[in-house]
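# Report on the structure
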Amino acid sequence: MTNRRLSNSTLKALPASVAVPRYARGGVAPGIVHLGVGAFHRAHQAAYVDDCLAAGEADWGIVGVSLRSPDARDALAPQDGLYTLAIRSSIGEELRVVGSILSLLVAPEDPAAVLAALTDQRTRIVTLTITEKAYLRAAGGGLDNTHPDIVHDLANPQMPRTAHGFLTEALSRRRAAGIQPFTVLCCDNLPANGATLHRLLVEFAALRDSRLAASGDARLATSGDARLAAHIADGVAFPSSMVDRIVPATTDVDRARIAVELGVEDAWPVMTEPFCQWVVEDDFPAGRPAWEKFGVTMVGDVGPFEDMKLRLLNGSHSAIAYLGLLSGYDTVDRAFANPAIRQFVDGLWAEAIPTLPQDAGLDTAGYTAQLAERYSNTALAHRTAQIANDGSQKLPQRIVASALDRLGAGDPPAHLMLVVAAWITACEARGKTLPEAHFTDPIDTRLMALGSRPADETVTAIFDLAGFAKDHAHRMTLIDLTAAHLERLRRGGTAAALAALGIGSEKP
């Protein structure tokens, strides 16, 4: 095994079968700051930007920012930001080295450097993949202004911890310096993600404005920071986007295999599938790369595409994850190969499709056929436990929203609510039939405090904790449906729950 690392100096030594950046990286200038340099960003947005750089758009390099862990920086900085993208299908694997990330910063170590990058006038776009829970929303969807990190950032604007604090402080500094605002492009799985982040930042900035007004500090009051909320509300673009690519967690086995293929070590290669989709609302006052040349769909309204992805892909992914875990399957392809789970997913799609916009020209039949092919990809080994994380944050938009729309149309959401019951059952199985920390959830502490209760009491308490269908007229109907599923899962397992829907349980 070689101990040489992937880097600018070793690129030329890579095998001819490995695609490498087709541009001089030293001539690339930063134009994008990305918050949340995880595997998904590196398999998705960074790859699209890499395509643009190869086409000669040399002023759109990426400055990557980790808001919490130094892991990405520690892995990639010795590699000059380079990493391998392994595109895997059931028939083979293609390797591509991506060079669009120019530098990496770790916010807790040096928040001043992050603010400097965000304030740099060359930065015209800020993208985010920080996961749902990092948006720090309260149960009603607004900003959780009691969260310790929000409280800290309001008191210490020069030393922020959250995306809210960094973005707001940077926009304040740019405004004071007469620099055009950057466009904020959310790439997380949130409903109307751009509008959602816009609302949260305006709420945060309004709290900042109030704190400033109450401070009585004349110097601060004349700093140009007053009425920052109005500036963000009216003067900053927040286009929504829809992203889609399956990105399993990288394993040590993956690292070893990639090192053999490259002839050099890569500390953090990324595994992904051939499919890749990005739909973006075209609202970039400060400019953008020509993403449309490389497969990105630029639209006026991303909503219909987002709903289709959340309800058909993400919703079925959660279903496969929880039913798969309860049935002993550790990967998506193995779970999806079970005829009963496969039949359940078809039923889930049949319930969710009518809740989508019917006049948006969506090809739901083609989309679900494509999903079935992707779920059958045996090379990805996408772990069900990875998908199972953060169910309380994900299920409202993936499952509950569809169920409420279906009830509003007078139709039952039986398949949909089984997914919620399966999540609850999988949570209860941790430390019993599943490993104790097999997957996690932001409300785990409160979930464990519930103890053992009858199904109806458990479901009601969890709906309260997670804020599912809060104050909605159909909330009790959802609770009753979920409790009935939970009772069957507890007594007879997935076979009994699926049988109640007319689905068999034989294994392939």
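So, here is what we can say about the structure in this document. (Residues numbered from 1 in each chain as written. Predicted model: local features only at pLDDT ≥ 70, side-chain atom pairs only at ≥ 80, totals over all residues. Heavy atoms only, no water.)

### Comments concerning the overall build of the chain
Definition in use: Runs of H or I in DSSP of at least four residues are treated as helices and runs of E of at least two as strands, each being numbered from the N terminus. Restricting the calculation to C-alpha atoms gives the radius of gyration, and the globule rule supplies 2.2 Å times the number of residues raised to the power 0.38. Whether two residues are in contact is decided by their heavy atoms: any pair within 4.5 Å suffices. His is not counted here, nor are the chain ends, while Lys and Arg score as positive and Asp and Glu score as negative. Throughout, a charge is located at the NZ atom of Lys, the CZ atom of Arg, the CG atom of Asp or the CD atom of Glu.
Assigned secondary structure in the chain consists of 20 helices and eleven strands. On C-alpha atoms alone, the chain measures out to a radius of gyration of 23 Å, which is about the 23 Å that the 2.2 N^0.38 rule sets for 508 residues. Taking contacts inside the chain between residues at least 6 apart in sequence as the whole, the part at least 24 apart equals 77%. Put simply, the chain has 47 plus and 58 minus side-chain charges, and the middle of one group is 3 Å from the middle of the other.

### Some words on the pairing of strand β1 (residues 30-35)
To keep things clear, this is the line we draw: Each residue is placed in one exposure class: buried if its accessible area under a 1.4 Å probe, protein chains only, is under 20% of its type's maximum, exposed if it is over 50%, and partly exposed if it falls in between. In this scheme, strands are said to pair when DSSP sees at least two bridges between them.
Extensive coverage of β1 is indicated by the burial of six of its six residues. Relative to strand β2 (residues 61-66), β1 runs parallel, the two being bridged by five bridges. Its bridge partner lying in β2, P30 is registered against G61. Of the strand pairs in this sheet, β1 and strand β6 (residues 125-128) are connected by four bridges, and their pairing is parallel. Counted as the bridge partner of H34 is T127 from β6.

### Digging into helix α10 (residues 252-262)
The condition that has to hold: What the arc describes is the spread of directions from the helix axis to the C-beta atoms.
Residues of α10 that are buried: D254, I258, A259 and L262. End-on view of α10: buried residues confined to an arc of 130°, all on one side of the axis. Residues of α10 that are exposed and point over 90 degrees away from its buried face: D252, V253 and V260. Phi turns positive one or two residues past the end of α10, at G263, with a value near 85°.

### Comments concerning the sheet that holds strand β11 (residues 297-299)
Test applied: Interaxial angles span 0 to 180 degrees and are taken between N-to-C directions of axes, which are lines fitted to C-alpha atoms, for helices over the stretch in contact.
If you trace the three strands from one edge of the open sheet to the other, you get β8-β10-β11, paired in mixed fashion. Only two strands of the sheet have a single neighbouring strand rather than two, namely β8 (241-244) and β11. Direction aside, the axes of adjacent strands within the sheet are offset by 15° on average. Across four bridges, the pairing between β8 and strand β10 (residues 277-281) is antiparallel.

### Remarks on the pattern of salt bridges
To be explicit about the condition: The term salt bridge refers to a pairing of a side-chain nitrogen on Lys or Arg with a carboxyl oxygen on Asp or Glu at a separation within 4 Å.
As enumerated under the stated definition, the model contains 28 salt bridges in all. Put simply, K133 and D390 hold a salt bridge, and the shortest N to O gap is 3.5 Å. Pair noted here: K133 is in the loop between β6 and α5 (148-155) and D390 is in the loop between α15 (384-388) and α16 (391-408), with a separation of 257 residues, a long-range link. Taking the relative accessible area as the measure of exposure, K133 reaches 41% and is therefore partly exposed. Under the relative-accessibility criterion, D390 is labelled buried at 8%. For D444, the salt bridge goes to R430, with nearest N and O atoms at 2.8 Å. Of this pair, D444 sits in helix α18 (residues 444-449) while R430 sits in the loop between α17 (414-429) and α18; the two residues are 14 residues apart in sequence, bridging distant segments of the chain. R430 sits in the buried class, given a relative accessible area of 13%. Through salt bridges with shared partners, a single network forms among R88, E93, D254 and R257.

### Topic: the packing of α5 against helix α7 (residues 193-215)
Definition in use: With respect to orientation, any angle under 35 degrees is reported as roughly parallel, any angle over 145 as roughly antiparallel, any angle of 65 to 115 as roughly perpendicular, and every other angle as oblique. Take the far helix as the reference: if the near one is turned anticlockwise from it by less than a right angle, the crossing is left-handed, and if turned clockwise, right-handed. Polar here means any residue outside two lists: the nonpolar Ala, Val, Leu, Ile, Met, Phe, Trp, Tyr, Cys and Pro, and the charged Asp, Glu, Lys and Arg; Gly therefore counts as polar.
Contact geometry for α5 and α7: axes closest at 10 Å, N-to-C directions at 45°. If you check the angle between α5 and α7, you find them oblique. Seen from above, α5 lies across α7 with right-handed handedness. When α5 is examined against α7, the residues I150, D153, L154 and A155 are found in contact with a partner set consisting of F204, L207, R208 and R211. A per-class count over the contact of α5 with α7 returns five nonpolar, no polar and three charged.

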